[in-house]
Amino acid sequence: MEINGKTSVCGLIGNPVEHTLSPMIHNTLAKRLGHDLVYVPFPVAQGRVPDAVAGADALHLLGLNVTVPYKSEVIGSLKAIDALAERIGAVNTLVRTEGGYKGYNTDMEGLYRAMTVEGIRISGEQIILLGAGGAARAVAYLCAVKGAEKVYMLNRTPGKAEQAAEEVNRSVGRQVIFPMATEDHATLPEGKYLAIQGTSVGLAPHTEDVVIPDRAFYEKIHTGFDLIYSPWETKFMKLVKEQGGKAYNGLKMLLYQGIIAYELWNDVQVSEEDAQVVYTKLKEHFAN
Ligand code: NAP
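Cut-offs and rules
Residues numbered from 1 in each chain as written. Predicted model: local features only at pLDDT ≥ 70, side-chain atom pairs only at ≥ 80, totals over all residues. Heavy atoms only, no water. Helix = DSSP H or I, 4+ residues; strand = E, 2+ residues; numbered from the N terminus. Rg over C-alpha atoms; globule rule 2.2 N^0.38 Å. Contact = heavy atoms within 4.5 Å. Areas by Shrake-Rupley, 256 points an atom, 1.4 Å probe, with all protein chains shown as cover. Lys, Arg positive; Asp, Glu negative; His and termini not counted. Charge placed at Lys NZ, Arg CZ, Asp CG, Glu CD. Near = heavy atom within 4 Å. Polar contact = N/O pair within 3.5 Å; in protein donor to acceptor, adjacent residues only side chain to side chain. Nonpolar A, V, L, I, M, F, W, Y, C, P; charged D, E, K, R; others polar. Axes fitted to C-alpha atoms, helices over the stretch in contact; angles between N-to-C directions. Parallel < 35°, antiparallel > 145°, perpendicular 65-115°, else oblique. Left-handed = near helix turned anticlockwise from the far one by under 90°. Pairing = 2+ DSSP bridges. Buried < 20%, exposed > 50% of the residue type's maximum accessible area, 1.4 Å probe, protein only. Salt bridge = Lys/Arg side-chain N within 4 Å of Asp/Glu carboxyl O.

Q: Please set out the overall build of the chain residue by residue, giving values where relevant.
A: The number of helices and strands found in the chain is 10 helices and 12 strands. Relative to its length of 288 residues, the chain is compact, with a C-alpha radius of gyration of 19 Å against a globular reference of 19 Å. For the chain, the spread of C-alpha atoms along the principal axes amounts to about 60 × 40 × 30 Å. Contacts in the chain between residues at least 24 apart in sequence constitute 70% of all its contacts with a sequence separation of at least 6. A total of about 13,400 Å² of accessible surface is found on the chain, and carbon and sulfur atoms cover 51% of it. With 28 positive and 33 negative side-chain charges, the chain shows a separation of 2 Å between the mean positions of the two kinds.

Q: Give a detailed account of the site of the ligand, specifying residues and quantitative values.
A: Residues in close proximity to the ligand total 19 residues, the closest being Ala-135, Asn-155, Arg-156, Thr-157 and Lys-160. Within the side chain of Arg-156, a nitrogen or oxygen atom sits 2.8 Å from an oxygen atom of the ligand. Side-chain polar atom of Thr-157 to an oxygen atom of the ligand: 2.5 Å apart, as the coordinates give it. Secondary structure elements with two or more residues in the shell around the ligand: helix H5 (134-145) and helix H9 (251-266). Its residues assigned to classes, the shell around the ligand comprises eight nonpolar, nine polar and two charged.

Q: Outline the packing of helix H1 (residues 22-33) against H9, listing residues and values.
A: In a pair of packed helices, the angle between the axes and the distance between the axes together describe the arrangement. At a minimum axis distance of 10 Å, the contact between H1 and H9 shows a crossing angle of 50°. In terms of orientation, H1 and H9 fall into the oblique class. Helix-helix and strand crossings are classified by hand; for H1 and H9 the assignment is right-handed. Within the contact between the two elements, H1 uses Ser-22, Ile-25, His-26, Leu-29, Ala-30 and Leu-33 and H9 uses Leu-254, Leu-255, Gln-257, Gly-258, Ile-259, Ala-261, Tyr-262 and Trp-265.

Q: Please give an account of the sheet that holds strand S2 (residues 37-43) that cites residues and values.
A: Here we have six strands laid out as an open sheet, ordered S2-S1-S3-S5-S6-S4, and mixed in their pairing. Bordering the open sheet on either side are S2 and strand S4 (80-81), each of which pairs with just one other strand. Direction of pairing for strand S5 (residues 93-97) relative to strand S6 (residues 100-104): antiparallel, over a ladder of five bridges. Across the sheet, Thr-93 pairs through a bridge with Tyr-104, a residue of S6. Across the sheet, H1 touches S2 and strand S3 (63-66), and the angle it forms with S2 is around 165°.

Q: Requested: an account of the sheet that holds strand S9 (residues 177-181), with residues and values cited.
A: Adjacent strands of a sheet pair through backbone hydrogen bonds, lying either parallel or antiparallel. Spatially, six strands are ordered S9-S8-S7-S10-S11-S12 in an open sheet, and the strand pairing comes out parallel. A strand with exactly one partner marks an edge of an open sheet, and here the two such strands are S9 and strand S12 (246-248). Ignoring strand direction, the axes of neighbouring strands in this sheet form an average angle of 20°. Here strand S7 (residues 126-130) runs beside strand S10 (residues 193-197); their pairing, made up of four bridges, is parallel. Following the sheet pairing, Leu-130 is matched in S10 by Gln-197. The strands touched by H5 are S7, strand S8 (150-155), S9 and S10; relative to S7, the strand with the most contacts, the crossing angle is about 170°.

Q: Give me the lowdown on the side chain of Thr-106, citing residues and values where you can.
A: Structurally, Thr-106 is set in helix H4 (residues 106-118). Of the residues examined, Thr-106 reaches a relative accessible area of 1% and is grouped as buried. Within polar-contact distance, the side chain of Thr-106 engages the side chain of Thr-93 at 3.5 Å. Setting aside residues up to four positions removed in sequence, Thr-106 forms contacts with Asn-92, Thr-93, Gln-257, Ile-260, Ala-261 and Leu-264.

Q: Can you break down the packing of H1 against helix H10 (residues 272-287) residue by residue, with the values?
A: Packing of H1 against H10 brings their axes to within 10 Å, and their N-to-C directions diverge by 140°. One way to sum up the angle between H1 and H10 is to call them oblique. Note on packing geometry: the crossing formed by H1 with H10 is right-handed. Packed against H1, whose contacting residues are Met-24, Ile-25, Thr-28, Leu-29, Arg-32 and Leu-33, the element H10 presents Glu-273, Asp-274, Val-277, Val-278, Lys-281, Leu-282 and His-285 at the interface. Residues of the contact of H1 with H10, tallied by class, amount to seven nonpolar, two polar and four charged.

Q: I'd like to hear about the pattern of salt bridges, residue by residue, with values.
A: For the structure shown, the criterion picks out 13 salt bridges. The partner of Glu-273 in a salt bridge is Arg-32, with the nearest N and O atoms 3.6 Å apart. Of this pair, Glu-273 sits in helix H10 while Arg-32 sits in helix H1; the two residues are 241 residues apart in sequence, bridging distant segments of the chain. A salt bridge links Glu-233 to Lys-241, with the shortest nitrogen-to-oxygen separation between them at 2.5 Å. Taking relative accessible area as the criterion, Glu-233 reaches 26% and is therefore assigned partly exposed.

What follows is the structure, given as structure tokens:
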């Protein structure tokens, strides 16, 4: 593209940002939709988030994504925050408004859109959620808000799952999240579950790691969704498939969180056809 005096700039703040796939998502969309926009990653050192957001505002950046480790910290630098992002306590997208940025959480809407596209239902489902970190807590909100029947939240540190469950249940006004220690997984009631893997275990290069190695656990799972997308097929996904379940990785979640951010910045609707073009490009990246 040719950059000119009217080119809009969007970007990503985080630390590290070197391996991000977000420029591929946004620059592909801009090219395909004919928008005069460029997307750039910006590494931000610890303690400099307020400076980075104020600087972006001063430089008239159209929007920013926020990644690890600043998704909660950035909230203190916003002019406004969307209600869902506030409940989750994490922001991954900033949209320019008069006088400052408004924060959103498109990770969760991204996961929901990815699941919808794959035909995975949350409403009425019995769900096992592995993890109680930033991502898993947001998934717990999503499941509660989208009408899951019961969500068993299993974590290595049970106190974190208890705290997250308490917050989500209070926020939605019903008992839907049930915290457990991961080591107690054999006591889960019999049944067939949707399982969402929201820990960082299994992430490359530790591709043989999995939170629950016991094969019997996977007999209870009809569908497994891992938030991790590198490696392409995690050990968790392999174990789900070996017991006859369907398994998905987190690449479509990444795709749609980016698409929703792009839609917010540009006030457009991205078609499924355009989404597929970006997805193919992301997939090719993993094939190489
Ligand atoms: P986080 O806040 O650091 O939480 C990490 C979670 O993993 C905690 O529940 C932690 O348990 C658990 N964990 C870590 N090491 C463990 C071990 N050795 N054994 C058992 N449990 C362990 O991380 P996060 O931000 O929630 O991210 C979690 C994963 O989601 C990451 O892999 C990230 O890449 C992925 N993610 C993907 C997308 C996407 O677009 N696809 C978006 C967001 C996140 P404790 O509480 O006991 O420490």
